[in-house]
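In case you want the letters, here they are:
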Amino acid sequence: MAPNSTFSSRGLVRPSVAASLIGVCALALTACGSSSDASDGAAGQDSAKASKTTQVTDATGTSVKVPATPERVVVLSEMDLDAALALGVKPVGLTAGRGQKGAPGYLADQAKGIPVVGAVTGPDIEKVVQAKPDVILAGQLADEQVLQQLRKVAPTVVTIGGSKDWKAALTLTGKALGRGNNAEAFLADYDTRAAALKKDLGAEAGKSVSVARYSAKGSAVMQQGVFISDVLDDLGFTRPGIQNEKGEGHSTPISNENLKEIDGDWLFIGTLTSTGSDQDLVAELSKKPAYKQLKAVSSGRSTVIDGTKWTSLGGAQAAVSVLDDIRKAMVK
């Protein structure tokens, strides 16, 4: 989801905020830089250390000079958080996950203690400044005005391209964090796991797999062009109905009258939260006659999953965890 260019009063860079931002830069130049000359952000540090930089080309084609070994990384998407942690880097700031107040549920333990500096709708510039980053991973942020503001704080790398390919994003993140070898090793391990699972699926290989999210607003299915569809494609599964098509947004709402759209040989369904109002929603859904009549449900091939992994932006660790979930559900 592209960030909204309209922020809360805390996120807007008003004249007073701009002045304070300049002040922060003047007092702590180690936190400030630009995509064209990231070494500016290293002023005040040891000169030898400041000279160790590398050039990366981000997902927009922009060339960005970053520290060879960043020490203070701010991540502005779930996928960036997932990737950084997968590569052994704990960020100093994160944006809350979709439907979350903090990190996505599956990353909560690893991300414990990391300050929140924004939401899905966009970063809070003041909080980003306070985190004193030496690199900002900007996810799929497309708002040029916001990117310009971020680049005044630290070298900023847009990591997610239009295809939202988590593998390409991990590779780029590895380069930006000086962990390219780690990224290659992770992807090789994923490929090995996926190949083994595909083989072990046996008669279930090639079956149609439906992925749905349920909330108080109703059901939604995950179409092509999103993280989970890429993982399922790696395993050779087919998709039922409109899930074979590219959607206009991240997920496509389905009315109760069209609940059959979430059916398939297998159904994986969940919510974005395990607490609060959504906690018992899937249990309530399971009592509805239309749901019970679904082929996947009546045949015992439906599984409740963690929607923060399966139906959100996803990432490297999410992909491996999804493989584990599928193995548990489908391999006998």
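Residues numbered from 1 in each chain as written. Predicted model: local features only at pLDDT ≥ 70, side-chain atom pairs only at ≥ 80, totals over all residues. Heavy atoms only, no water.

## Concerning the pattern of salt bridges
- Inspection of every chain in the model, using the stated rule, returns 8 salt bridges.
- Residue Arg 327 is joined to Asp 200 by a salt bridge in which the shortest nitrogen-to-oxygen separation is 3.0 Å. Of this pair, Arg 327 sits in helix H13 (residues 316-330) while Asp 200 sits in helix H7 (residues 180-200), and the two are 127 residues apart along the sequence.
- For Arg 327, a relative accessible area of 30% puts it in the partly exposed group. (Salt bridge = Lys/Arg side-chain N within 4 Å of Asp/Glu carboxyl O. Helix = DSSP H or I, 4+ residues; strand = E, 2+ residues; numbered from the N terminus. Buried < 20%, exposed > 50% of the residue type's maximum accessible area, 1.4 Å probe, protein only.)

## Points about unusual backbone geometry
- Phi is positive for Lys 132, which is not a glycine, with a value near 50°.
- Here Lys 132 lies in the loop between helix H4 (125-130) and strand E7 (135-137).
- Relative accessible area serves as the criterion here: at 46%, Lys 132 is assigned to the partly exposed category.
- One non-glycine residue, Lys 164, adopts positive backbone phi at about 55°.
- With respect to the helices and strands, the residue Lys 164 is situated in the loop between strand E8 (156-157) and helix H6 (166-176).

## Side note on the confidence of the model for the protein
- Put simply, the protein has an average pLDDT of 85, and 83% of its residues get 70 or more.
- Of the regions scoring below 50 in pLDDT, residues 1-48 engages in 75 contacts with residues more than four places distant in sequence or in other chains. (pLDDT = per-residue confidence, 0-100. Contact = heavy atoms within 4.5 Å.)

## Describing the pairing of strand E2 (residues 63-67)
- As paired elements, strand E1 (residues 53-57) and E2 share 5 bridges and run antiparallel to each other. The residue bridging Val 56 from the neighbouring strand is Val 64, located in E2.
- Hairpin connection from E1 to E2: 5 residues lie between these consecutive antiparallel strands, with Gly 61 at a positive phi of about 90°. (Pairing = 2+ DSSP bridges.)

## Comments concerning H7
- In this model, H7 (21 residues) spans 31 Å end to end at C-alpha, consistent with the 30 Å of a helix rising 1.5 Å per residue.
- Buried-residue contacts for H7 involve helix H3 (78-86), H6, helix H8 (227-234) and H13.
- Downstream of H7 by a residue or two, Gly 202 has a phi angle that is positive, lying close to 55°. (Expected span 1.5 Å × (residues − 1).)

## Section: the environment of Ala 318
- Within the element layout of this structure, Ala 318 appears in helix H13.
- When its relative accessible area of 0% is taken as the criterion, Ala 318 is described as buried.
- For the pair Ala 318 and Ile 228, spaced 90 residues apart in sequence, the C-alpha to C-alpha distance is 9.1 Å.
- Discounting chain neighbours no more than four positions away, the residues touching Ala 318 are Asp 82, Tyr 106, Phe 227 and Lys 309.

## Details of the nonpolar core
- One finds Leu 81, Trp 166, Leu 170, Ile 228, Val 231, Phe 268 and Ile 326 to be the most contacted residues of the largest nonpolar core, which totals 59 residues.
- Take this core: its biggest share by element is 9 residues, from H13.
- Those residues in contact with Trp 166 that sit more than four places away from it in its chain are Met 79, Phe 186, Leu 187, Tyr 190, Phe 227, Val 231, Gly 315, Ala 316 and Ala 319. (Core = buried A, V, L, I, M, F, W, Y, C linked by side-chain atoms within 4.5 Å.)

## Things to note about empty space enclosed by the protein
- Throughout the structure, instances matching the rule amount to 2 cavities of 30 Å³ or more.
- Each pocket or cavity is described by its volume, and for the second largest cavity that value is around 30 Å³.
- Along its surface, the second largest cavity is lined by Met 79, Asp 80, Ala 83, Trp 166, Ala 169, Leu 170, Thr 173, Gly 315 and Ala 316.
- Classifying every residue of the lining of the second largest cavity by side-chain character gives 6 nonpolar, 2 polar and 1 charged. (1 Å grid on protein atoms, 1.4 Å probe; cavity = no way out; pocket = protein on both sides within 12 Å on 5 of 7 lines; lining within 4 Å. Points joined across faces, edges and corners; volume = space filled by probe spheres on them. Nonpolar A, V, L, I, M, F, W, Y, C, P; charged D, E, K, R; others polar.)

## A few points about the sheet that holds strand E9 (residues 209-215)
- Strand order across the open sheet formed by 5 strands is E11-E10-E9-E12-E13, with mixed pairing between neighbours. Two strands lie at the open edges of the sheet, namely strand E11 (252-254) and strand E13 (302-304), each paired on one side alone. On average, each strand axis in the sheet is tilted by 30° relative to the strand beside it, whichever way the strands run.
- Note: E9 against strand E10 (residues 218-221), 4 bridges, orientation antiparallel. Considered in E10, the bridge of Ser 215 is made with Gly 218. (Axes fitted to C-alpha atoms, helices over the stretch in contact; angles between N-to-C directions.)

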